[in-house]
Amino acid sequence: MARLTSATTRAGHPSRRYAGVTAVVAAAALALAACGSDDDDEGQAAAGDSGPVTLEFWGWVPDVEAAVEEWNQANPDIQVNFTRMTGDDGDKIPSAVDAGTGPDIAQMSQHQLPDYVINERVIDISEYVADAEDLFTESSWAAVEFADAIYGLPQDSGPAAMMYRTDIFDEHGIEVPATWDEYVEAGRKLQQADPDVYIGQFSPNEMGLWYQDMVQAGGSWFGIDGDSWTVSINDEAGRQVADKWQTLVDEELVKTVQMWTPEYWADINNGNIATITYAAWFPALLKENAADLTGQWAVAPGPVFEGSDAAGDTGGAVTAVMAGAEHPEAASAFITWLNSSEEGVDHLVTGGGIFPAAKIGLENEELVQPDEYFGGQEILEVYKEAALRVPGDNQEGPGYQLIQNDLLDGFAQVANGSTTFSEVLDEAQENTVQRLSDQGLSVK
Amino acid sequence: MSAATASTASRTRPRRRLRGGGGGGERTAPYVFLAPFVLLFIGFLVVPIGLAIWNSLHTVRRSGLGFGSASETVFTGLSNYTEALTDAEFLAGLGRVLLYGVVQVPVMLALALTLALLFDSAAVRFKRFLQLSVFLPYAVPAVVAALLWGFLYQPQVSPVVDVLRSLGADPDFLAPGTVLWSIANVTVWSVTGVNMIIIFSALQTVPRDIYEAARIDGAGEFRTALRIKIPMVAPAIILTALFSVIGTLQLFNEPMVMRSVTSNVSSEYTPNMMIFSTTTQGGNINLGSAMAILLGLVTFALSVAVSVASNRRGGKR
């Protein structure tokens, strides 16, 4: 609906004509989709009793086609048909599932899973994957288990570590900070030495930067207490993270810049930002966007809060079996193979470049390659170590995207100096509790 | 439309008699031709609006953790509407697009009118080329236009900011107070051309002998424009104003794209963005539908106001 209305956003009447064309195209697409789904249904019905089962699988991991191909050759009875998701394709899964034309298996961010569960768009597969828990890291597993039911399997995770500019640290005699206090101190030193150099960045548009700190501080936005949700966005852990960021922003030790913008990469390339503490998937993007800085970076464990040795994590993706799937057992068998078998995970790691959620993946040789960009360091060693130190009690809950909107809208105001992180947390807490109660959910 | 159909019918009747009778084929023909429009109109406008109204009057109620089949859809009357109307962010967004419209629409129309008058006068050389240049931005999709301007607004990568800085100014196009006008600038750039073309073609239909009469009466170019051309093309100006107002209220693409370069465009910056975050992101189709209906009503009211104003104007003449 949003897309249709957006076609008429422009003033001036020819847009009307485009809207008409859109309608015709949409009608044609609907007709085609209807034909397509009929075929599928026939195929599945025929396969119901015996013969091969066909599963539709939507995902976005690069080169996962190779994994599907290997599975299909080894399992003639369970054939998987892969569809690559691009852009905003994730937004159409809910509608597709509701319309009965959704995939059997879909990849999604772990943050979105609870909304799928509440809207009954994924199914409980605990009877098929009962033994899978031990195959995954503790923190990744926490993302798929809700109140003793299992709604998918973890695929990757986003343990955090600190990338830092060795040349800048050397030039100004800065030690690699191990705690956030040392990090703040290093930030002060850098600013004194050169006002153009910041220890890090504050990006009001990037949720993961906050989320990983919250996880590291031992926080969890949600909890389950009996038959009720608990919401704790502004709890002790939240405050700890807020205090850290407030100091960094108040003293202007971090560069306030929108992440992913040309402006941001200009800051990185110009050496205005000395460290980036972020998830295991970030180094690949850094290499791509700051190729000239080869050999000037290294990776160290992310700084910790005083008295803790936990690592942060931005969360990863999961693969879930969708409502309406006619062969949940077969679907579960496939995702178990893909996400936790040696062959499946090898495809994900080597071809897909993901950081695996499966323990077996952490032993993958691809993860111990020296990296020229980081001066020959085996950087994934650092991330592997971090993955095992991520607290396992982070509970995902409903309405993640709206919490993200609340927080990021608030962070923009923090950047303008019109509010504080602490107040933003309070407001997000209040809004979230309100939204859950409005839906009739029980909140303690 | 009914008058047109009637006159066609009366014209065809004698012919049919000449041919010696004939079935209902010709009588049903208009309906057959209308069918594609009517079907799409019903399928993609009437039904969705009906569905939106139904959704807006209901609420999904869950219980406990919301897991299992615990949800039911209940009739809740106008409660979604009260919730939308008491939501400070929704009202702020509505106020924001109205403020934006009050500035952007007149500025854009004044530009479009001025350009149309210039192209209509003999004073402009390379008319075809310049007309095309003014129109061309309209061919750039809104999202691409916003991306392009997004580059020009970012201090470290923008040549515009570079030049302004070397002149001693230090503009911040993305600050909380200025970003709305930076977005307005994108839409002005995009749509001035097409509105110029509409007004320009209206100017082409003005009989040339009126200008001659004006010239004989001693009116100069400027006076002719002010007293003759503008009143003659007033219907076109009102038409463009109407579409611009509608476009303004539905502002979505440009601010959505600007969000990627600045956080000063919040997730609920305009009513359409708020509807997007409520439904697509938040999954609350019921509240989102109520907001969409309210936005539709405001748009309808403003459209009526613009056409009533134009009718009254026409009546005086």
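Looking at an unreviewed UniProt entry, chain B carries the name Sugar ABC transporter permease, with the source organism given as Phytoactinopolyspora halotolerans. Turning to chain B, the UniProt record has this under Subcellular location (unreviewed entry): "Cell membrane". A UniProt comment under Sequence similarities (unreviewed entry) is attached to chain B, and it reads "Belongs to the binding-protein-dependent transport system permease family."

Going by an unreviewed UniProt entry, chain A carries the name Extracellular solute-binding protein and comes from Phytoactinopolyspora halotolerans.

Draft legend 1. Quick look at a negative patch on the surface. Residues and elements named next belong to chain A. A contiguous patch of negative charge on the surface is contributed by Glu 70, Glu 342, Glu 343, Asp 346, Glu 363, Glu 365 and Glu 366. Among the elements that make up the negative patch, the one with the highest residue count is helix 14 (residues 342-351) (three residues). Summarising the element assignment, Glu 342 is placed in helix 14. The exposure class of Glu 342 is exposed, given its relative accessible area of 56%.

Draft legend 2. Layout of the packing of aromatic side chains. This model, assessed by the stated rule, comprises 37 aromatic pairs over all chains. An angle of 40° between the planes, with centres 6.0 Å apart, marks the rings of Phe 135 of chain B and Tyr 138 of chain B as tilted. Put simply, the rings of Trp 260, Tyr 264, Trp 265, Tyr 278, Trp 281 and Phe 282 of chain A pair up and form one aromatic cluster. The positively charged end of Lys 244 of chain A is found above the aromatic ring belonging to Trp 180 of chain A, 3.3 Å away from the centroid.

Draft legend 3. Quick look at the UniProt feature "transmembrane region" (unreviewed entry) in chain B. All names here are of chain B. Mapped onto this structure's residue numbering, the UniProt feature "transmembrane region" (unreviewed entry) falls at residues 31-54, 97-118, 130-153, 173-200, 232-252 and 287-309. Between the C-alpha atoms that bound residues 31-54 there is a distance of 30 Å. The span itself is 100% helix and 0% strand. The straight-line gap between the two end C-alpha atoms of residues 232-252 is 34 Å; of that span, 81% is helix and 0% is strand.

Draft legend 4. Inspection of the interface of chain B and chain A at higher detail. Each partner contributes to the interface: chain B provides 55 residues, whereas chain A provides 53 residues. Roughly 4,400 Å² of surface becomes buried between chain B and chain A when both sides are summed, with 53% attributable to carbon and sulfur atoms. Of all residues in chain B, Arg 62, Leu 65 and Phe 67 of chain B bury the most surface against chain A, accounting for 18% of the area lost on that side. Counting every contact that joins chain B to chain A gives one salt bridge. Linking Asp 409 of chain A and Arg 259 of chain B is a salt bridge whose minimum nitrogen-to-oxygen distance equals 3.8 Å. Elements with a contribution of two residues or more to the side of chain B that touches chain A: helix 2 (25-56), strand 1 (58-61), helix 6 (142-153), helix 8 (179-204), helix 11 (234-249), helix 12 (253-258) and helix 13 (271-281) of chain B.

Draft legend 5. Quick peek at the UniProt feature "domain: ABC transmembrane type-1" (unreviewed entry) in chain B. Here, the residues flagged by UniProt with the feature "domain: ABC transmembrane type-1" (unreviewed entry) are residues 94-306 of chain B. Segment residues 94-306 of chain B splits into 74% helix and 0% strand. End C-alpha atoms: 18 Å apart.

What counts, and where the lines are drawn
Residues numbered from 1 in each chain as written. Chains lettered and ligands numbered in written order. Predicted model: local features only at pLDDT ≥ 70, side-chain atom pairs only at ≥ 80, totals over all residues. Heavy atoms only, no water. UniProt positions renumbered as here; feature names shortened; annotations may be inferred. Patch = residues over 30% accessible without salt bridge, like charges linked within 9 Å, V, L, I, M, F, W, Y side chains within 5 Å. Areas by Shrake-Rupley, 256 points an atom, 1.4 Å probe, with all protein chains shown as cover. Salt bridge = Lys/Arg side-chain N within 4 Å of Asp/Glu carboxyl O. Lys, Arg positive; Asp, Glu negative; His and termini not counted. Charge placed at Lys NZ, Arg CZ, Asp CG, Glu CD. Helix = DSSP H or I, 4+ residues; strand = E, 2+ residues; numbered from the N terminus. Buried < 20%, exposed > 50% of the residue type's maximum accessible area, 1.4 Å probe, protein only. Phe/Tyr/Trp six-rings, centres within 6.5 Å; stacked < 30°, edge-to-face > 60°. Lys NZ or Arg CZ within 6 Å of the ring centre and 35° of its normal. Contact = heavy atoms within 4.5 Å. Buried area = accessible area lost by both parts, 1.4 Å probe.

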